[in-house]
Amino acid sequence: MHERSLPASPNWYCSRSSDVNDSGLLGVGAKNVIFLIDVSASSCRVTGELVGHKDLVSGFSFCQHAGQSHVCVSSSGDGTVRFWDSDSKLLIREHAAHQTPVAAVHWSPVDKNLVVSGDEKGVVVCHWHNTGDTASFFPEPRTIFCLTCSPHTWSSVAVGYKDGMIVLIDVSRKGEVMHRLRGHEDEIHSLAWSPVASEEVLQSRPEDPEEAAGGASAGDEKGCYLASGSKDQTMRIWSSAKGKSVMTLKLPYLKKRGSAVDPGVKERLWLHVHWPTGRPTQLMSSCFGGELVMWDLTRTGKQRWTLLGTSSEGQNHSRIVFNMSSVRLQDGRELLISTSMDREIKCWDLASLDCCWTLPTLGGFVYALTFSPVGAGCLALGVGDNMIRVWNTLTTQNQYDTRSFWQGVKSKVTALAWHPKKEGTLSFGTDDGKVGVFEVFANRPPQISSSYHKKTVYTLAWGPPVSFGAAGGKASHSLYSCAGEGVILQHDPSKLSGEASDIDKLIRDTNNIQHKLSPHTDLSWKPDGKVVAIGNEDGCVEVYAAPSLQQLCSIQQHHKIINTLRWHHDHDSPPELHCLLASGSSNATVYVHDLRAVIENPPESPVVLTEPYRRLCGHTSKITGMAWSPHHEARLVTVSYDGTAQVWDVLQEEPLSNYRGHVGYLLCVDWSPVDPDVIWTGGKDFTLHEWRVSKQEFTRPPKGKKMVDLREKMKANPKKKKNNKKAAGGAAPPQTNGEAVTGGEKAGAELSAEEDDEVGPASSPAPPSAPFEMQRKSFTAFKSKEKPDLNTLKKKKPRSMLPVSTAMDHRPKEELLQDCVTLASVRHGAAPPAGCVPGRGEHIHLGLFSDRPALCRMFQAEEEAHVEAGHFDSVVYLRLWSGDLEGALQLATEKGELSDHLLSVAPMAGFAAWSRTVEAFVKQLCLQEQYLKAASHLLSINKLYEAVDLLRSHKLYREAVALVKARLPADEPVLKELYTCWAATLEKDGHFSAAAKCHLAAGASFDAAKVIARKNDVPSLRAAAGLARVSGEAALARSLALRCAKDLAAARDWIGAQDVLSGHDGLLAHRLHLCVAELMGATLADRQAAPQPAARSHPWASLGGGGIQGRVRDVWETHFGVSRHSAGPHGAGALLQELESAESPAPTANVPLGQVQLHASLHLTRAALSSLLGADGPLVKELWRAVAWFREAGHFGVSAELCRLLFPDHDIGVCSEVLCLAGEEPEAAAAAASLQAFVHYHRLYERWWSDSTHVDGLEGAAAAKTRPHGELDPVASALLSERHAACQAAQRSVGEIQERLAAMVLKHSRAQAGQLHSGETPAPQEPPDRRGSADAERRPEEQETLLSLSTKMAEHQKRLGDLPEALKVYPHPDVVECCLVLLHLSKSSASVSESLQQKAKDLLSKYGAESSACRAARRFLT
């Protein structure tokens, strides 16, 4: 499917999420997918994916047995264990024996059918691959972190737990515990068995003193060593025979980045251990900062360990390593594969301990990708893991030569743009609104613009400055950024610390715009820097001329937010393609507009375009990106939310190739600048793919994929009940990108909220990492709840305000009696007894019965007890009782315990204290989401504006508006701001009518009409036009009314369309156009040429006498008051001038018949107006265009019927009059000649068909022979034009040579790519009927070369260039075809003279040999 790709980053904090089989295939768990990577060659290659888990992959293991090494198993947080076939990438079986997330899985190296898995609750499950059976055990009620099966005994399994315990169990005895290995103080990260089934290979001092005294050796009993790695920074070697530790290894404190690791500081650590096969005395482990260490277990001291990758700088990982796996290949090499938090997969040669290759991975959505226009093959990626990758894709030694840039980014990279001239200058935009510039070849932080956007940066573009000039007189480029708040800022790259300018101000000033501009969502500069296209949130695309930003046109084709705009490149392409602008929106259709006329001849006022030059239909969801091919003419690739990338031939509106290799929607695309067949795409699956257009199986996107995906998602993620109970400490799910990820996704969320990305510290000197080390949840056993005794249930007493003194009343009787004596001594004695202080210590309860100072002492002690118990409300009441009201309020404010009661007594402490208390209570209510109550309390202290801001900030616009209108004057500015903000929110939620009311209340009638029109249906457009007309926005009202009328006309509702236009001034010309369209449609339907019954039509549209021209003039004069003698606004000249400004696209195929009739009727209307003015030249040209529309759109029969309507009895007198004025109006004369030729062409076919229908009858044959001699001579004279025959022959030759050149280039490129092997079938050649007979019969040794074909192409193009332009603009029917028909008719009748028959034969012999009709011509020439 794809050539090269960057996969998603491997999951973090998993004990075994990657493994490699003996053939060199590596499986890595990333998110909920397993990526398969071939590591057997000198460089790696992603070969496929295993997709199916609904949550993160927590474990993965290959079957290491011969003949079964392609089978693998995976575990996931979704509680399932799945068996896969890595060759076919298909699921074999799924087991759901676990009830909680599975933490680890391992395939037994001894039994080829046994797989063991463990979950977070401590349940161990054995799965048998051959039978599909399972067996569950519960050896320990602890959270499992890792497990591993013994490579020597099939029934022995080692299990590591969160609390540091390691348990050896025997699965053949129902999970019986053989040994409990105690010694680690923290969670067990990894376990590894020794590859040798013996405990004699290590000579070590026993750690048990009793064992040392007894002189027992570690090898007295048969067993196997087990290595363990723990978070307590130690590794231990255990004896499985004795169940004791025989060796402890402490991680070395290595110097890194200029400083040593401090043993007293607890660093982030994941200690993975791996015991390579065939190396019983060597153990591999990870270390603190990403280093890999090889331990020699036979040595001591510093000689015991060796670092990998010390031969050169930059070989090691820069973050902690999570997994290692090794393989011995058939060529003898022994490789070690490691995955790390630095998002890199590295391959190590265990012989040299050096890194062989590094595969970068991606930890977020691929939001942007772009090739440098200066540095060939330099690809920049903007990823959601807060990093930018720059990949040199043309390097041959290292296919993944990638550098990462993270300094100063600190957020998802959503936009990128290379400087068009300066090599290595790359601008970036982030999710938090930051814009900066990197110099990728300089080792320094980026320059950050001091002007931040409020929301996500959507697009970056380099273009000429429009508001500030170049410094020092040199030409410069400005950086433009467009973000989610709808603002485009212009940054000066030479001083990014300066203030960026908003180009909206320049647009308003230049174009004298008073209304609010629609929020911008995208912009694209034309490559020559003269024009910029800006896409808006309402679907409108506006084109401005630099540097003043004078608006040229407004494209109102889309009706949803514009996501991407791209101009066609201007190198090695015809000039007519330079002004093609492709646009994609949240609609699934891509539109291409040809703006050449607008750009080359700027109009005095902006033109509104509503018809595209080309329409590309096929995607089933919104368009997110596109790119023009730099190698082809009008070749476009688009990516969409439907998960596919589509290549289009724009001019033919044909889909060429569809790529479906991604999982999920796509976000970005770019064409390779060096290979015409290669495209790069990225999307939400955290991957980047390189793929070839010619290798794709499909040509167009799948149908209905969006709904299928939605159903799959709903099925995969059913709604679950929320569990509000939190475990005391448990295992968190495995992580991707540093944060815990759940299985479900929020459908339709914004790009900035759809992925779990890593956020790094601000001042870290290394790439960003996860903010916290997430701990796994521990399993807490639930105690069974006993049923309470109903007889003992009593009403619960309220908590005492004086609990300490109350408790003193529950002492023994003797002490209570002594209290009475002591109290009497205090009350009546001269001095209290020794050591007795009422209200303190043992006599605290006596403070209630003594004086006030004693009571105060008792209150103080009670407050201390309440504070210790966390009962701050009781402390508040005690202070309130003691008269310390201000202290009570202050304490309640600090603890968030304010209440309505406290607020009611707060005025007793004074106005200042009451005001402070109200403000604190408002903050507390906001935290509790009681915003209306908070605003009401602000009103009580006369803070009206603050109350309004509070309601507005929480989007309670209705209440805020009601409050302002009730309490403030009508002209208060804040009221307009509220209406504007409310309208924006309503518009975003799709409540357009309510948003329009807000705009009307704010005095923005223009915006109200625009909002209603966004629905783009007939009622909305009619209402918007009426609103604009009533509000005085006449220009907008006419534009909306015209759009509504076009929709009604397309639905054949002619009465409704006329009613809409009649209510607006200045639209009479368009009413005449719809009148002609209705008359023409009714006439064609009556003649059954175009059977499209009208929904509602006028009575005057019914068939009447006379031709269509006469009916049009009669209806115009009777119902519209337009005639030859009309003047002023009803004059033909003024109406024709108004219609000349109407959009009239060029005829193309794939246009519905109804649209064709509307376009053709526009030209007929212009022709009728020209006829009233007596202008024969424009009349003939417009008639020709009307007929050409049906012909070019493929409706041959309708075109012929229209000719019969326009020229009854083939009367073409007007053409003859124009031909007489050929010297004065050559273009009109050419149009007249072409129109005359096509009328004769249809007459010729009528004669042929009439003769053919009677050819079998004797009467028909006799009638054909008795036709007048030379009856068809006028027809033949007009059709047998040698100039047009020569032009058509040259055009055919050019087309044929182009096809042969394209086939030759394709064959050559495939041969270079090594695709044409001896066993493959060569690329299919064009069919013989597409080429001339001479070429079809050419022998292999006579095949022409690229040079000879190019020479012929130049000759034919020169011949075409020498012909008059009018000859090509106004073509004739195919002369060769006409010759054949005439000669065929001459066989059965004498209607063609001998001289014209000879002329037809001469033309056939001269120009027919190179055409597809050469075989038919032989019967007349031989």
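Quick caveat: nothing in here was measured; it's all calculated off a predicted structure. (Residues numbered from 1 in each chain as written. Predicted model: local features only at pLDDT ≥ 70, side-chain atom pairs only at ≥ 80, totals over all residues. Heavy atoms only, no water.)

(A) Summary view of the overall build of the chain. The helix and strand inventory of the chain stands at 37 helices and 61 strands. Residues classed as buried in the chain amount to 52% of the 1422 residues present. Of all intrachain contacts in the chain linking residues separated by at least 6 positions in sequence, the fraction that spans at least 24 positions is 56%. For the chain, the exposed surface amounts to about 65,200 Å²; the carbon and sulfur share of it is 52%. (Helix = DSSP H or I, 4+ residues; strand = E, 2+ residues; numbered from the N terminus. Buried < 20%, exposed > 50% of the residue type's maximum accessible area, 1.4 Å probe, protein only. Contact = heavy atoms within 4.5 Å. Areas by Shrake-Rupley, 256 points an atom, 1.4 Å probe, with all protein chains shown as cover.)

(B) Summary view of the sheet that holds strand 32 (residues 366–371). Sheet architecture is open: four strands sit in the order 32-33-34-35, paired in antiparallel fashion. In this open sheet, the two edge strands, each paired with only one partner strand, are strand 32 and strand 35 (401–405). Averaged over all pairs of adjacent strands, the angle between their axes in this sheet comes to 20°, without regard to strand direction. The sheet contact formed by strand 33 (residues 378–383) and strand 34 (residues 388–392) spans five bridges and is antiparallel. Directly across from Cys378, in strand 34, lies its bridge partner Asn392. (Pairing = 2+ DSSP bridges. Axes fitted to C-alpha atoms, helices over the stretch in contact; angles between N-to-C directions.)

(C) Broad picture of the sheet that holds strand 48 (residues 562–567). Ordered by their spatial adjacency, four strands build an open sheet running 48-49-50-52, and the pairing between neighbours is antiparallel. Across the chains shown, the open sheet's two edge strands, defined by having one partner strand only, are strand 48 and strand 52 (614–616). Taking the axes of each pair of neighbouring strands and ignoring which way they run, one obtains an average angle of 20° across the sheet.

(D) Here's a closer look at the pattern of salt bridges. Enumeration according to the criterion identifies 34 salt bridges in this entry. The shortest N-O distance in the salt bridge between Glu334 and Arg328 comes to 3.0 Å. Judged by its relative accessible area of 7%, Glu334 falls in the buried class. A salt bridge links Arg811 to Asp819; its shortest N-O distance comes to 2.0 Å. Taken together, the shared-partner salt bridges connect Glu140, Arg142, Asp163 and Arg180 into one network. (Salt bridge = Lys/Arg side-chain N within 4 Å of Asp/Glu carboxyl O.)

(E) Spatial organisation of the pairing of strand 40 (residues 457–463). Within strand 40, six of the seven residues are buried, leaving the element largely enclosed by the surrounding structure. Across six bridges, the pairing between strand 40 and strand 41 (residues 478–483) is antiparallel. In the sheet register, Gly463 faces strand 41, and the bridge partner there is Ser478.

(F) Quick peek at the nonpolar core. Counting 52 residues, the largest nonpolar core has Trp1116, Phe1120, Leu1169 and Phe1190 as its most contacted members. Of all the secondary-structure elements, those providing two or more residues to this core are helix 21 (1068–1086), helix 22 (1108–1120), helix 23 (1132–1140), helix 24 (1153–1173), helix 25 (1176–1192), helix 26 (1196–1206) and helix 28 (1226–1253). Grouped together as the second largest cluster of nonpolar side chains are 47 residues, Ala892, Leu968, Val974 and Cys998 included. (Core = buried A, V, L, I, M, F, W, Y, C linked by side-chain atoms within 4.5 Å.)

(G) Quick look at the packing of helix 21 against helix 24. Two elements in contact, helix 21 and helix 24, have axes whose closest approach is 8 Å; the angle formed by their N-to-C orientations is 115°. In this structure, helix 21 meets helix 24 at a crossing whose hand is right-handed. Taken together, the residues of helix 24 that come into contact with helix 21 (itself represented by Leu1072, His1073, Leu1074, Val1076, Ala1077, Met1080, Gly1081 and Leu1084) are Gln1157, Leu1158, Ala1160, Ser1161, Leu1162, Leu1164, Thr1165 and Leu1169. Grouping the constituent residues of the contact of helix 21 with helix 24 by class yields 11 nonpolar, five polar and no charged. (Left-handed = near helix turned anticlockwise from the far one by under 90°. Nonpolar A, V, L, I, M, F, W, Y, C, P; charged D, E, K, R; others polar.)

(H) Geometry of the environment of Glu1182. Relative to the helices and strands, Glu1182 is located in helix 25. Separated by 19 residues in the primary sequence, Glu1182 and His1163 place their C-alpha atoms 5.1 Å from one another. The residues contacting Glu1182, other than those within four sequence positions of it, are Glu1140, His1163, Arg1166 and Ala1167.

(I) Layout of the side chain of His1098. Here His1098 shows up in the loop between helix 21 and helix 22. Apart from residues lying up to four places away in sequence, His1098 is in contact with Trp1054, Ile1055, Gln1058 and Glu1078.

(J) Representation of a negative patch on the surface in the model. Among the surface-exposed residues, Asp572, Glu576, Asp594 and Glu633 lie close enough to one another that they form a single negatively charged patch. Relative to the elements of secondary structure, Glu576 occurs in the loop between strand 48 and strand 49 (580–585). On the basis of relative accessibility, which here comes to 41%, the residue Glu576 falls in the partly exposed class. (Patch = residues over 30% accessible without salt bridge, like charges linked within 9 Å, V, L, I, M, F, W, Y side chains within 5 Å. Lys, Arg positive; Asp, Glu negative; His and termini not counted. Charge placed at Lys NZ, Arg CZ, Asp CG, Glu CD.)

(K) A look at the pairing of strand 54 (residues 635–640). The buried fraction of strand 54 is high, at five of six residues. As judged from the five bridges shared by strand 53 (residues 623–628) and strand 54, these two strands associate in the antiparallel manner. Paired with Met626 across the two strands is Thr638, which belongs to strand 54. Hairpin connection from strand 53 to strand 54: six residues lie between these consecutive antiparallel strands, with Ala634 at a positive phi of about 60°. Where strand 54 meets strand 55 (residues 645–649), five bridges bridge the pair, whose relative direction is antiparallel. Residue pairing across strands places Leu636 opposite Trp648, the latter belonging to strand 55.

(L) Summary view of the packing of aromatic side chains. This structure, assessed with the given rule, holds 22 aromatic pairs. Their ring planes at 75° and their centres at 5.8 Å tell us that Tyr13 and Trp270 sit as a pair that is edge-to-face. With Tyr13 in the loop between strand 1 (5–6) and strand 2 (18–20) and Trp270 in the loop between strand 23 (259–260) and strand 24 (273–274), this pair connects stretches of sequence that are 257 residues apart. Here Tyr13 matches Trp270 in class, with each residue buried. (Phe/Tyr/Trp six-rings, centres within 6.5 Å; stacked < 30°, edge-to-face > 60°.)

(M) Expanded view of the side chain of Lys1181. Relative to the helices and strands, Lys1181 is located in helix 25. Despite being buried, Lys1181 has no salt bridge partner; Glu1227 is the closest side chain of opposite charge, sitting 4.3 Å away. Setting aside residues up to four positions removed in sequence, Lys1181 forms contacts with Glu1227, Ala1228, Ala1231 and Tyr1370.

(N) Quick look at helix 11 (residues 911–927). With 17 residues, helix 11 should cover 24 Å at 1.5 Å per step; its first-to-last C-alpha distance of 25 Å lies within 8% of that length. Those residues of helix 11 that sit buried are Ala913, Trp914, Ser915, Thr917, Val918, Ala920, Phe921, Val922, Gln924, Leu925 and Cys926. The secondary structure elements touched by the buried residues of helix 11 are helix 9 (885–895), helix 10 (900–905), helix 12 (931–940) and helix 13 (944–953). Just beyond helix 11, the residue with positive phi is Glu929, at close to 65°. (Expected span 1.5 Å × (residues − 1).)

(O) Looking closely at the environment of Asp949. Of note, Asp949 is situated in helix 13. Taking the C-alpha atoms as reference points, Asp949 and Ala935, separated by 14 residues in sequence, lie 9.1 Å from one another.

(P) Molecular detail of the confidence of the model for the chain. Taken over all residues, the pLDDT of the chain has a mean of 82, while the share at 70 or more is 84%. Ignoring residues within four places in sequence, the model shows residues 469–474, a span with pLDDT below 50, making two contacts including any to other chains. With pLDDT under 50 throughout, residues 719–794 is counted as low confidence; its partners more than four residues away or in other chains account for 152 contacts. (pLDDT = per-residue confidence, 0-100.)

(Q) Quick peek at the environment of Leu1000. Note that Leu1000 resides in helix 16 (residues 992–1001). Apart from residues no more than four positions distant in its own chain, Leu1000 is found in contact with Ser1005, Ala1008 and Leu1027.

(R) The arrangement of unusual backbone geometry in detail. The omega torsion across Ala546 and Pro547 is 0°, close enough to zero to call that bond cis. Structurally, the position occupied by Pro547 is in the loop between strand 46 (541–545) and strand 47 (550–555). Although it is not a glycine, Asn512 adopts a positive phi angle of roughly 55°. On the basis of relative accessibility, which here comes to 58%, the residue Asn512 falls in the exposed class.

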